[in-house]
Amino acid sequence: MLDGVGVNSLEQYMTLLADRQKLVAANIANADTPGFKTKDIDFQTEFTNALQGTQPNVTEVQGLVVKNDGNNVSLDREARLLAENALRFNIASNLLRGQIHTLRMAIEGGGGSSA
Amino acid sequence: MSLFNSLDVSASGMAAQRARAEVLVENLANADTTRTAEGGPYRRKDVVFESSATASPFSSVFQSAIDGQATGVQVSQIVTDSSAPVMRYMPGHPDADKDGFVAFPHVNPAEDMVDLMGASRGYGANVAAMSAIKDMIQRSIDLFR
Amino acid sequence: MTAPISPVTSTPAIEAPRLDSITSGQGNGSEFRSLLSSAIQHVEVAQNKADTAVQGFLSGENDELHSTILATQRADLEFDMFLQVRNKVVSAYQEIMRMQI
């Protein structure tokens, strides 16, 4: 029950989004730390591999402008990701809630057992 | 627990940016201070940021890989400028030396103002991050409904 | 062409279904029993997972809060299902009990 693919995928999705958001928060906190490189995970790849239960790979983001002190955090990029991750998490949690609700309705049927 | 840990990360960012702002404000306020208690002009200060692991009292030793990577920040040291002060020729000044030069701090107000704006922006970004994460935790709790 | 009517031989006595036939697992009782026991097993497994998840949350070992909450919701739904199954089984049994007179 609730072990169907639909619900498990949503849970994995939410877990990965949370992981990604943690890295965004760390990037923002270290936006002015000398030498700090922006970190992220490859979301699509990790989501496909998520069912194996391994920890996601944290990678350094390529193609960012490096400032004089070696830091390459772009607050614009992080702010955008912050909003996107939060919205996706929101969607996923609403979908999950709906599924739980539907299952409960199905189980309880027309209101209790018949005499 | 690790989304909760992220709150600590954002909090550390806020604290670091605030410390940076405080130092910059001190520099700006003392941009023309030619006499201090220790003698000599004011010496500007700078903060040095460093990545640091954050641990809340609720977390355990079993940290996931992500938690190890999602580090916070701390002010590792406050550096006092030790270079020679800026000398300006002002013979009538009470702090002028025998040649009429007054030692002034190495503070460039324009630069520190821009820096201060950066600190303010950084602080705001950390506040936004903390708010977003708090919202995600709340949504998880809403799964109970 | 109709078949000849055969003489009436002894008719089997109508027996009341006994409670021990359910507990001993014989006849129709065993089907009720296996239904209930498989539903209970699902509940136990889900409950254990939920307990582990909550323990993990309290000690800080767990990965994510939503996983813990989903585990408790799953246990909830399993238990709900079990309750419904049990109610149906009991009412079906009662119906059979009523029938035999």
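Residues numbered from 1 in each chain as written. Chains lettered and ligands numbered in written order. Predicted model: local features only at pLDDT ≥ 70, side-chain atom pairs only at ≥ 80, totals over all residues.

Draft legend 1. Seen up close, the interface of chain A and chain C. Between chain A and chain C, the residue contacts involve 14 residues of the former and 16 residues of the latter. The set of elements that each furnish at least two residues to the side of chain A that touches chain C consists of α1 (5–29) and α3 (75–108) of chain A. For the side of chain A that touches chain C, the leading source of residues is α3 of chain A, giving five residues. The residue makeup of the side of chain A that touches chain C, split by class, is eight nonpolar, three polar and three charged. (Contact = placed C-beta atoms within 7 Å. Helix = DSSP H or I, 4+ residues; strand = E, 2+ residues; numbered from the N terminus. Nonpolar A, V, L, I, M, F, W, Y, C, P; charged D, E, K, R; others polar.)

Draft legend 2. Local environment of the nonpolar core. Core analysis: the largest hydrophobic core is formed by 49 residues, its most contacted members being Met14, Ala25 and Ile28 of chain A together with Ala129, Ile133 and Met136 of chain B. Looking at this core, the elements with two or more residues in it are α1 and α3 of chain A, α1 (2–29), β1 (45–52) and α3 (109–142) of chain B together with α2 (28–59) and α3 (65–99) of chain C. Among the elements that line this core, the one with the most residues is α1 of chain A, at 12 residues. Every residue in contact with alanine 129 of chain B, bar those within four places of it in the chain, is listed here: Val24, Ala25, Ile28 and Leu82 of chain A together with Ser10 of chain B. (Core = buried A, V, L, I, M, F, W, Y, C linked by C-beta atoms within 7 Å. Buried ≥ 20, exposed ≤ 12 C-beta atoms within 10 Å, placed from the backbone.)

Draft legend 3. Layout of the confidence of the model for chain B. All names here are of chain B. Predicted confidence across chain B gives a mean pLDDT of 90, with 92% of residues reaching 70 or more. Averaged pLDDT values over the elements of chain B bottom out at 78 in helix α2 (residues 65–69) and peak at 95 in α3. The ipTM, which scores confidence in the relative placement of chains, is 0.88 for this predicted complex, and the corresponding pTM is 0.81. (pLDDT = per-residue confidence, 0-100.)

Draft legend 4. Highlighting the packing of α1 of chain B against α3 of chain B. Residue and element names in this part refer to chain B. Contact geometry for α1 and α3: axes closest at 9 Å, N-to-C directions at 160 degrees. Relative to α3, α1 is oriented roughly antiparallel. For the element pair α1 and α3, the recorded crossing hand is left-handed. Here the residues of the contact of α1 with α3 sort into 19 nonpolar, eight polar and five charged. (Axes fitted to C-alpha atoms, helices over the stretch in contact; angles between N-to-C directions. Parallel < 35°, antiparallel > 145°, perpendicular 65-115°, else oblique. Left-handed = near helix turned anticlockwise from the far one by under 90°.)

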